[in-house]
Amino acid sequence: MPETEIKEKKKIILSAIQPSGTFTLGNYLGALRNWVRLQDDYNCIFAVADLHAITVRQDPKVFKKNILDAYALLLACGIDPEKSPTFIQSHVPTHAQLAWVLNCYTQFGELSRMTQFKDKSQKHADNVNAGLFTYPSLMAADILLYKADMVPVGADQKQHLEIARNIAERFNGIYGNTFTLPEPYIASTGARVMSLQDPTRKMSKSDENTNAWVALLDKPETIMKKFRRAVTDSEAVVRVGEGKDGINNLIGIMSVITGKTSEEIEKDFEGKGYGDFKTAVGEAVVEELRPIQQRFDELIKNKDYLEEQYKKGAEFALRISQRTLDKAMKKIGFVLR
Ligand code: ATP
Ligand code: LTN
């Protein structure tokens, strides 16, 4: 066959995000911005991981709003659902089905080592439920159902991807080739945006201290206020350095948004104080988020359009994922209907 006729099949990318609150700058810089860029070069599939979100108690009314807001925000950030099927996890029953199956091929010991489990069980000590513990097997199901080659996530999710690979390898080892082994895709910039109040911890949308994170839908004044209050150090020199977690984080954010290197930013702010620098970072973030907020305001008014898109997404997702689920269940010896 002449070389021109050999069409390389595009790799499959899958990722998901929990509607556990309003999306933060960490979610955007660490994950969503990359999703948008990957759409042209890969076959992308995206999901709102609502089943994962109930591992932590959710208020029913707020949860419902968060799910639809999350869907609209994905589109507002630039996900094109016509190009990249985008669905809501609970609309596609195969996820919960395969998760159960995979639970039986996942060891207690390996789940116990997950940092997120340890963190969240400390944070929610009154509700260390079994779902929080088996969260990674549901995530493995999300990924393996679509034979994803790559999974774009922030650095905090690397461990969950490793476990998904281990589960897939174990299953394939017993039953022969069934699942594709997924690779993490962690962009080097923005992979870990830290809390503005405790820069040794990641910025997390479920942090109760609202000053710790910037939401994509925060008003410009709020964003500016949060940056002005960001915890820094007493050296008062804008440079990357040890023990300067707060400033390192702000330089990191500025660098991802402007495309400048840390050195260039240090130079720009030579002789200037933290006040000026915090204002500049805040302004850069406001400008980056402005078009997203405008698109979101339009989309969220158009419930019919959103419904049409998430229904189409779910139909596509069910069709693809059912095949993988059937294949896995057949191999185990289930009698298929
Ligand atoms: P929660 O606080 O409920 O655990 P979260 O804010 O950590 O939520 P997730 O839904 O768990 O967000 O993650 C969505 C995506 O955003 C993942 O790919 C994750 O790696 C990425 N992400 C989350 N927080 C950050 C962060 N601080 N920096 C970079 N990427 C992040
Ligand atoms: N746990 C993920 C959200 C998530 C996910 C997935 C990410 C659920 N299912 C499948 C990638 C692939 C997180 O980002 N916190």
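Residues numbered from 1 in each chain as written. Chains lettered and ligands numbered in written order. Predicted model: local features only at pLDDT ≥ 70, side-chain atom pairs only at ≥ 80, totals over all residues. Heavy atoms only, no water.

K.L.:
How would you explain the site of ligand 1 if you had to name every residue and give the values?
P.N.:
In the vicinity of ligand 1 there are 21 residues, among which K120, D156, K202, S204 and S206 approach most closely. Contact between ligand 1 and K120: an oxygen atom at 2.5 Å from a side-chain N or O atom of the residue. Here K202 contributes a side-chain N or O atom positioned 2.3 Å from an oxygen atom of ligand 1. Contact with the protein chains covers 97% of the free accessible surface of ligand 1, which is 600 Å². No other element matches helix 1 (residues 25-38), which puts four residues into the shell around ligand 1. (Near = heavy atom within 4 Å. Polar contact = N/O pair within 3.5 Å; in protein donor to acceptor, adjacent residues only side chain to side chain. Areas by Shrake-Rupley, 256 points an atom, 1.4 Å probe, with all protein chains shown as cover. Helix = DSSP H or I, 4+ residues; strand = E, 2+ residues; numbered from the N terminus.)

K.L.:
Lay out unusual backbone geometry in plain terms, naming residues and giving numbers.
P.N.:
Of note, K147 is a non-glycine position whose phi angle comes to about 50 degrees, a positive value. Among the structural elements, K147 can be located in the loop between helix 7 (130-144) and strand 4 (150-152). With a phi angle near 60 degrees, A236 is a residue other than glycine that sits in the positive phi range. Position of A236 relative to the elements: it lies in the loop between helix 9 (220-228) and helix 10 (245-258). For A236, a relative accessible area of 44% translates into the label partly exposed. (Buried < 20%, exposed > 50% of the residue type's maximum accessible area, 1.4 Å probe, protein only.)

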